[in-house]
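Coordinates in review
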Amino acid sequence: MPPGGGLADLHLHYEGSLPLSEMTRLARERGHRYADAAVFERERAAMRGTSDFLELYRQVCGIPRGPEDHLGLAEGMSGELARHGVARAEVYVSPEIFARMGQDPDACLEAVAAGFAKGEAGGGARCRILLDAVRHWGVESAARVLDLQERRRLPGVVGFGIGGDEAAAPARMFVGIYERARGLGLRTSVHAGEWAGADSVRDALDFLRPDRIDHGVRAIEDPELVRRLAGEGIVLNVAPTGNVATGVVPSWAAHPLPRLLAHGVAVALSADDTLLFATTTAGEYRVARDLPGVTSSHRRAMAQNAWKAAFAPPEEIVEGLRRLEPMDLETL
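Please read these numbers as outputs of a predicted model, since none were measured by experiment.

So, the overall build of the protein chain
A tally of regular secondary structure across the protein chain gives 16 helices and 8 strands. Radius of gyration (C-alpha) of the protein chain: 18 Å, near the 20 Å computed for a compact globule of 332 residues. Each of the three principal axes of the protein chain carries a C-alpha extent, and together these read 50 × 45 × 40 Å. When each of the 332 residues of the protein chain is scored for burial, the buried share is 58%. A fraction of 75% describes how many contacts in the protein chain between residues 6 or more apart in sequence connect residues 24 or more apart. Side-chain charges of the protein chain comprise 38 positive and 46 negative groups, with the mean position of each set lying 1 Å from the other.

As for the nonpolar core
Within the largest apolar cluster, 105 residues are counted, with the highest numbers of intra-cluster contacts made by Tyr14 and Phe160. Setting aside chain neighbours within four positions, we find Tyr14 in contact with Tyr57, His70, Leu73, Ala74, Met77, Val91, Tyr92, Val93, Phe98, Val112 and Phe116.

Some points on helix α1 (residues 20–30)
All of the buried residues along α1 are Met23, Thr24, Leu26 and Ala27. Buried residues in α1, looked at end-on, bunch into an arc of 165 degrees, giving them a common side. In this structure, the buried residues of α1 make contact with α2 (37–45), α3 (50–61), α4 (67–83) and α13 (274–277). Residue Gly31 follows α1 closely and has a positive phi angle near 70 degrees.

Section: the pairing of strand β2 (residues 86–93)
Summarising burial for β2: 8 of the 8 residues are buried, a large majority. Of the strand pairs in this sheet, strand β1 (residues 7–13) and β2 are connected by 5 bridges, and their pairing is parallel. When the bridges of β2 are listed, Leu12 appears paired with Val91. Taken together, the 6 bridges between β2 and strand β3 (residues 126–134) define a ladder with parallel strand orientation. Directly across from Val93, in β3, lies its bridge partner Leu131.

Here's the deal with unusual backbone geometry
Positioned with a positive phi, His215 is a non-glycine residue whose angle comes to about 75 degrees. Looking at the secondary structure, you find His215 in strand β6 (residues 212–215). According to the relative accessible area criterion, His215 is buried, its value standing at 1%. Phi is positive for Asp272, close to 70 degrees, though the residue is something other than glycine. With respect to the helices, strands and loops of the structure, Asp272 is situated in the loop between β8 (267–269) and α13.

Some details on the pairing of β3
The element β3 is largely enclosed, with a buried count of 8 among its 9 residues. On the question of chirality, the crossover connecting β3 to the parallel strand β4 (residues 157–163) by way of helix α7 (residues 138–152) is right-handed.

Concerning the pattern of salt bridges
Counted under the stated rule, the structure contains 28 salt bridges. Across the pair Glu75 and Lys118 runs a salt bridge whose closest N-O atoms are separated by 3.7 Å. Residue Glu75 is located in helix α4, and its partner Lys118 is located in helix α6 (residues 105–121); the two are separated by 43 residues in the primary sequence. The partly exposed category is assigned to Lys118, whose relative accessible area is 48%. A salt bridge links Asp106 to Arg151, with the nearest nitrogen and oxygen atoms 2.8 Å apart. Pair noted here: Asp106 is in helix α6 and Arg151 is in helix α7, with a separation of 45 residues, a long-range link. Judged by relative accessible area, which is 15%, Asp106 ranks as buried. It is possible to trace a salt-bridge network through shared partners that takes in Arg88, Glu90, Glu120, Arg126, Arg128, Arg212 and Glu316.

Examining the sheet that holds strand β5 (residues 187–192)
In spatial order, the strands read β1-β2-β3-β4-β5-β6-β7-β8; together these 8 strands make up an open sheet with parallel pairing. With partners counted over all chains shown, the strands left at the sheet margins are β1 and β8, one partner each. The sheet shows a mean angle of 25 degrees between the axes of neighbouring strands, direction not considered. Across the face of the sheet, α6 comes into contact with β2 and β3 while running at roughly 160 degrees to β3.

Quick notes on the packing of aromatic side chains
Per the stated rule, a full pass over the model turns up 6 aromatic pairs. For the pair Phe53 and Trp195, a centre-to-centre distance of 6.2 Å together with 70 degrees between the ring planes defines the contact as edge-to-face. Residue Phe53 is located in helix α3, and its partner Trp195 is located in the loop between β5 and α9 (198–208); the two are separated by 142 residues in the primary sequence. For Phe53, a relative accessible area of 8% puts it in the buried group. On the basis of relative accessibility, which here comes to 23%, the residue Trp195 falls in the partly exposed class. Over the ring of Trp137 we find Arg100, and its NZ or CZ is 3.8 Å from the ring centre. The ring of Phe311 carries Arg212 above its face, with NZ or CZ at 3.7 Å from the centroid.

Rules and cut-offs
Residues numbered from 1 in each chain as written. Predicted model: local features only at pLDDT ≥ 70, side-chain atom pairs only at ≥ 80, totals over all residues. Heavy atoms only, no water. Helix = DSSP H or I, 4+ residues; strand = E, 2+ residues; numbered from the N terminus. Rg over C-alpha atoms; globule rule 2.2 N^0.38 Å. Buried < 20%, exposed > 50% of the residue type's maximum accessible area, 1.4 Å probe, protein only. Contact = heavy atoms within 4.5 Å. Lys, Arg positive; Asp, Glu negative; His and termini not counted. Charge placed at Lys NZ, Arg CZ, Asp CG, Glu CD. Core = buried A, V, L, I, M, F, W, Y, C linked by side-chain atoms within 4.5 Å. Arc of directions from axis to C-beta. Pairing = 2+ DSSP bridges. Right-handed = clockwise from strand over helix to strand, strands pointing away. Salt bridge = Lys/Arg side-chain N within 4 Å of Asp/Glu carboxyl O. Axes fitted to C-alpha atoms, helices over the stretch in contact; angles between N-to-C directions. Phe/Tyr/Trp six-rings, centres within 6.5 Å; stacked < 30°, edge-to-face > 60°. Lys NZ or Arg CZ within 6 Å of the ring centre and 35° of its normal.

Shown next, in the form of structure tokens:
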């Protein structure tokens, strides 16, 4: 276990969580306008919804050019996460993004895995890879992601999930993909109930049978679904800062986190995209501290849920919970 803090974050995206200093350094080398951090920060501050977020993400994805870049960026991410109190991170990495940027997806994924391992060896967070398929790129794109895993079986890859536009393709289209992912020994998650409503969460549960759900906050629109989530103990990896930034909820006061907790839904907090949302995992716990109805017991339970739902060996989960015990979550 890395020597840093005791938090686990199960829902981070690789390009969206690069350290700002590493991103701007590489942008200078590549002649990208984000070489000036002030330009990036202005565009980040101007984000007003999904389209702004996706454009910002697209710009960041265009900065790295190949495996050597990704090796250094992944190492830097591991160190940055540890400095902000994260001991374990599960990070979505999309080989199809590499391919669309004209890069070799196999080589780039291998470089990310190597960078994470190098970062951990140097005292950084233990980062594990969730292979990411983009829903609006379709089933064939998702199949290529699993083809890569079948070819390479890279160490450090522990799970599979789909993100992207929930309205672009129904969950039932990906039933075979999720069955295949499980057949390859991967645990599964899915983005649902973020940009689409409660039906998106229900369909994900019914058709894809994921181990956990990323976001899921719009389940609050359906009381029966909320009862189901609480009864089945499905963990939602909720990212409050990102939800407000992308317009999933109109304000902090409107965020459904307190209501989900009040109904007994298992929640773990996550930062989602630390770079794009100017947050950290610890920062999400600070945000939760200020939401009415979220108690210190809730915050402790959410931090524990993050470890309990990790795609990690049982002994690492036990050790993570042990390390979490002495942490003062009120002073993060």
